[in-house]
Every structure is written in C-alpha cells, then in structure tokens.
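Chains, contacts and geometry: an overview
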Amino acid sequence: MFEPTVCEEVLCVSQPGGRWLSTGWNGGFADADAAFNVSVPEGWEHTDLSAYARERRAQAGFTGSGPTLFTGVDMEHLRGARLDGVVAFATAGVSNPAALPMEPSGEPSSPVEGPEAGTVNVILCTDRALADDAMATLLGVAVEAKTATLHAKTGFTGTTTDAVIVGADPAGEDATFTGSSTPVGTAARACVREAVSASLAARYAGNPDKPMPTSVADAKYGVTTTDRATTFNPYR
C-alpha cells in the first residue's frame, strides 16, 4: 500500500490504480499508479515543468507519470509516518517562509526575488476508497495539519511554495467522511504532524551550516503579507 522508493533525488509513491488530488503544478484530480516528489538543485530555473518531470522520472528509472511536486529540499531529509492505514511523506525546508502577521502595516507586500530553495511538500495517502468530496476534505485536513505543525515548530504558517498531494486506493474499503474527527482524518493529522516535524529536524537540528530562520528578514527568501483587505457585511 503506497510504497515509497527514492532514487536520483526523486521520491516515487506507488499505488496501482491510485486516485490523487494535488495542489501542486498541473494539480487537481488524477488517476495514476504513482505520485512523485522531485528534489531540484539550487538555482533551478525551468519553465517546461512537464518535460523536466519526465526527464527526472526517467533518470531515476521510474516509468509512467503521475502527480509531481518539486522541492529544494534534498531527499536525505525526507521522512514518513504511518498510522491506521494512512501514511505521510514530507520534505520540509523554510528558507522561503511566508509570514502572516495579524496586525499588518497595510503597505503593499513585496514580491519574492530569486529562486526559492525551501518548500514543504506532503504526500498523504490512505488505503480507503474515497469519493472526490472526501478527498477534498482530506486535503484540507492535511494542509491544516501541516500549517499547525509549521507554526508550532518554526513560527511560520508555511512557505511561498508549499504543496500537498492526497492519495486513495479505489480498491479499498469505502470511507464517506474524512474530517478531523474521523478515523482517516485523525490518522492523517498525526501522520502529517510527525512526518513534517521529523523532516524539519533532519534538515535543521544540529546543522550549524543551515540554521532555521527565525524571521522573514533572517531567511534567504520569503514574504510577509502586509496588505490589508477591506472588510464588509454581506448581509446589508
């Protein structure tokens, strides 16, 4: 069930006949035998992502295609977590944090400049069969768990390039609901928390050459949303 293989800095999570939902490049729903997370080199600048993804998968010896994420985090920092038929795989780097202050200045936010070397990517899979609405709910659960974990561990809610893929097994037992209080949702939250935490620790703990940034100003890249939106009452 959702077996991981890493080769040539590419993670392949295989599941014959899998159903996927991705927030990443070329995202949305897809039927495929695998999903991928590709580590890219620093300074990477590719515009034809489809061709690049095919090239990297082929170099790693993976046939076929499927939802693909890209990350600046080396696969040596990839970590996974399993619980009750759910598994999560995470690569976590925060060199390009995205901060969301609750008392913004109101000034226009500055765009990110230069390549973004971080990214928190999560591939979360369940052995249950899910309808599309349940997969969308599970995606929200995974994003919420990722955000909560990052905020607790780093003080940031995410990076400028985070992405999540959720996968389900159409041949598994049906699960109608996947919210935070359901068996699938509960296991998903735990797996995402543990996998993201472990990947952060692998990348930053005890590594003086690559300290975790404590602010956007301290990071190599990043953005702070300082804009203010105008509130209104739609009832009137």
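Let me begin by describing the structure that accompanies this report. (Residues numbered from 1 in each chain as written. Predicted model: local features only at pLDDT ≥ 70, side-chain atom pairs only at ≥ 80, totals over all residues. Heavy atoms only, no water.)

Within the protein, the regular secondary structure consists of 3 helices and 11 strands. Over its C-alpha trace the protein gives a radius of gyration of 18 Å, about what one expects of a compact globule, namely 18 Å for 236 residues. Dimensions along the principal axes, computed over C-alpha positions, put the protein at roughly 50 × 50 × 35 Å. Buried positions account for 47% of the 236 residues belonging to the protein. (Helix = DSSP H or I, 4+ residues; strand = E, 2+ residues; numbered from the N terminus. Rg over C-alpha atoms; globule rule 2.2 N^0.38 Å. Buried < 20%, exposed > 50% of the residue type's maximum accessible area, 1.4 Å probe, protein only.)

Moving on: the side chain of Thr178. Structurally, the position occupied by Thr178 is in the loop between β10 (163–168) and α3 (183–204). Residue classification places Thr178 among the buried positions, given a relative accessible area of 1%. Within the local environment of Thr178, its side chain forms a polar contact with the backbone oxygen of Ala134, the two atoms lying 2.7 Å apart. Among the polar contacts made by the side chain of Thr178, one reaches the main-chain amide nitrogen of Leu138 at a distance of 3.3 Å. (Polar contact = N/O pair within 3.5 Å; in protein donor to acceptor, adjacent residues only side chain to side chain.)

On to the packing of helix α2 (residues 132–154) against α3, then. Packing of α2 against α3 brings their axes to within 9 Å, and their N-to-C directions diverge by 40°. Considering how the two elements wind past one another, α2 and α3 form a crossing that is right-handed. Seen from α2, the contacting residues are Leu138, Val141, Ala142, Glu144, Ala145, Lys146, Thr149, Leu150, Lys153 and Thr154; seen from α3, they are Val184, Gly185, Ala188, Arg189, Val192, Arg193, Val196, Ser197 and Leu200. Class assignment for the residues of the contact of α2 with α3 results in 10 nonpolar, 4 polar and 5 charged. (Axes fitted to C-alpha atoms, helices over the stretch in contact; angles between N-to-C directions. Left-handed = near helix turned anticlockwise from the far one by under 90°. Contact = heavy atoms within 4.5 Å. Nonpolar A, V, L, I, M, F, W, Y, C, P; charged D, E, K, R; others polar.)

Bringing the environment of Thr68 into the picture now. Mapping Thr68 onto the fold places it in strand β4 (residues 68–71). Under the relative-accessibility criterion, Thr68 is labelled buried at 1%. On a C-alpha basis, the gap between Thr68 and Asp169 in space is 18 Å, while along the polypeptide they are 101 residues apart. Leaving out residues up to four positions away in the same chain, Thr68 has contacts with Trp25, Phe36, Val38, Ala53, Arg57 and Ile165. At 2.9 Å, the side chain of Thr68 forms a polar contact with the backbone oxygen of Gly66.

Turning next to the pattern of salt bridges. Scanning the model with the defined rule gives 7 salt bridges in all. Arg189 is paired through a salt bridge with Glu144; the nearest N and O atoms lie 3.3 Å apart. Of this pair, Arg189 sits in helix α3 while Glu144 sits in helix α2, placing them 45 residues apart in sequence. Taking the relative accessible area as the measure of exposure, Glu144 reaches 43% and is therefore partly exposed. One salt bridge connects Glu194 with Arg193, and the closest N-O pair in it is separated by 2.9 Å. (Salt bridge = Lys/Arg side-chain N within 4 Å of Asp/Glu carboxyl O.)

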